[in-house]
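Structural description and commentary
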Amino acid sequence: EGLYAKGVLSTGGSGGIALVEDAQGRAHRIQARAVIRFVLPDETPSPFEGSSHPSVLLGTTAMKLVDDRAFIWNEPVAILGTGNRAFRFGQGLLEQGCPEVSMVESYAQWDGKRYAGWEVERRRFEILGGKVIEATPLSFKKTGSAIGEFRVRDPKGIRFLEAARLVSFGPFSPEEGLKEY
């Protein structure tokens with residue numbers, strides 16, 4: 001966490017060098033012989049069936065869409081991950097009138113807690129009507145023109161959540177760094 005993309009230089013063929021900056025302003029080069037896809041590592045979920053569906057958005061993209069008022073968020077939303085940014089995003093959706101916001105925590109082993117964010121953020125989210133679910137995503141598919149079926153496995157079995165969009169914030173593990181594809 002804390003690396004920000006500044007650009008990518010092609011080295012010919014399919015390789016390239018990503019220029020990134022860390023939180024202290026130091027520049028770093030990351031060289032690869034294959035195609036580089038640079039995303040915030042804490043927003044990219046572990047793959048599941050339907051994880052590449054257009055209704056699955058990264059958190060930064062979803063925040064921009066909310067700020068630009070590009071979507072009307074008046075249908076159920078599921079958020080992957082329970083970091084503070086995810087809790088605040090969910091709070092914002094509920095305050096704007098989104099009928100249902102569920103957060104799915106797939107790790108649930110955060111140094112004595114069952115979620116990644118702060119207790120106060122979780123409480124605010126739940127006071128507004130949000131739900132936190134400890135489960136592993138299994139699949140997502142659209143069942144109608146707007147609503148989709150999001151299948152997750154929790155300790156009691158397989159559960160179906162209705163969701164028009166999935167927003168992936170993360171983090172998904174405490175030591176998560178760069179993801180390899």
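Placed above this text is the structure.
All values derive from a computational prediction rather than experimental measurement. (Residues numbered from 1 in each chain as written. Predicted model: local features only at pLDDT ≥ 70, side-chain atom pairs only at ≥ 80, totals over all residues. Heavy atoms only, no water.)

Looking now at the overall build of the protein chain. Counting its regular elements, the protein chain contains three helices and 11 strands. Restricting the contact set of the protein chain to residue pairs at least 6 apart, pairs at least 24 apart contribute 55%. Of the roughly 10,600 Å² of accessible surface on the protein chain, 50% is carried by carbon and sulfur atoms. (Helix = DSSP H or I, 4+ residues; strand = E, 2+ residues; numbered from the N terminus. Contact = heavy atoms within 4.5 Å. Areas by Shrake-Rupley, 256 points an atom, 1.4 Å probe, with all protein chains shown as cover.)

In this structure, Gln31 sits in strand β3 (residues 27-32). Once the C-alpha coordinates of Gln31 and Ser10 are considered, the two residues, 21 residues apart in sequence, prove to be 10.0 Å apart. Residue contacts for Gln31: discarding those within four places in its chain leaves Gly16 and Ile17.

All buried positions along helix α3 (residues 119-127) are accounted for by Glu121, Arg122 and Phe125. All buried residues of α3 lie within an arc of 100° about the axis, which places them on one face of the element. Pointing more than 90 degrees away from the buried face of α3 are the exposed residues Arg123 and Ile127. Each element contacted by the buried residues of α3 is listed here: α2 (84-95), β6 (101-105) and β7 (131-134). Just past α3, the residue Gly129 takes up positive phi, approximately 110°. (Buried < 20%, exposed > 50% of the residue type's maximum accessible area, 1.4 Å probe, protein only. Arc of directions from axis to C-beta.)

Counted under the stated rule, the structure contains eight salt bridges. Residues Arg122 and Glu119 are paired through a salt bridge, measuring 3.4 Å at the closest nitrogen-oxygen approach. Of the two residues, Arg122 and Glu119 are both situated in helix α3; the distance of three residues between them amounts to about one turn of the helix. Looking at Arg122, the relative accessible area reads 19%, which means it is buried. A relative accessible area of 29% places Glu119 in the partly exposed class. (Salt bridge = Lys/Arg side-chain N within 4 Å of Asp/Glu carboxyl O.)

To continue, consider the pairing of strand β9 (residues 148-154). Of the two faces of β9, only one is covered, namely that formed by Gly148, Phe150, Val152 and Asp154; the face formed by Glu149, Arg151 and Arg153 stays uncovered. Bridge count between strand β8 (residues 136-142) and β9: six bridges; the pairing is antiparallel. Paired with Lys141 across the strands is Glu149, a residue of β9. What sits between β8 and β9 in their antiparallel hairpin is a turn of five residues. Here β9 pairs with strand β10 (residues 157-163) via seven bridges, running antiparallel. Counted as the bridge partner of Phe150 is Leu161 from β10. Hairpin connection of β9 to β10: two residues between the antiparallel strands. (Pairing = 2+ DSSP bridges.)

Take the sheet that holds strand β4 (residues 56-58) next. The strand order across the open sheet formed by five strands is β4-β11-β5-β6-β7, and the pairing between neighbours is parallel. Every other strand in the sheet has two partners, leaving β4 and β7 as the edge strands with one partner each. Neighbouring strand axes in the sheet, compared pairwise and without regard to direction, differ in orientation by 25° on average. One ladder, built from four bridges, connects strand β5 (residues 77-80) with strand β11 (residues 165-168); its direction is parallel. Bridging across to β11, Leu80 finds its partner in Ser168. Contacts from helix α1 (residues 59-67) reach β4 and β11, with the element oriented near 90° to β4. Relative to β6, α2 is tilted by about 165°, and along the sheet it contacts β5, β6, β7 and β11. (Axes fitted to C-alpha atoms, helices over the stretch in contact; angles between N-to-C directions.)

Any link to function would need more than the numbers given here.
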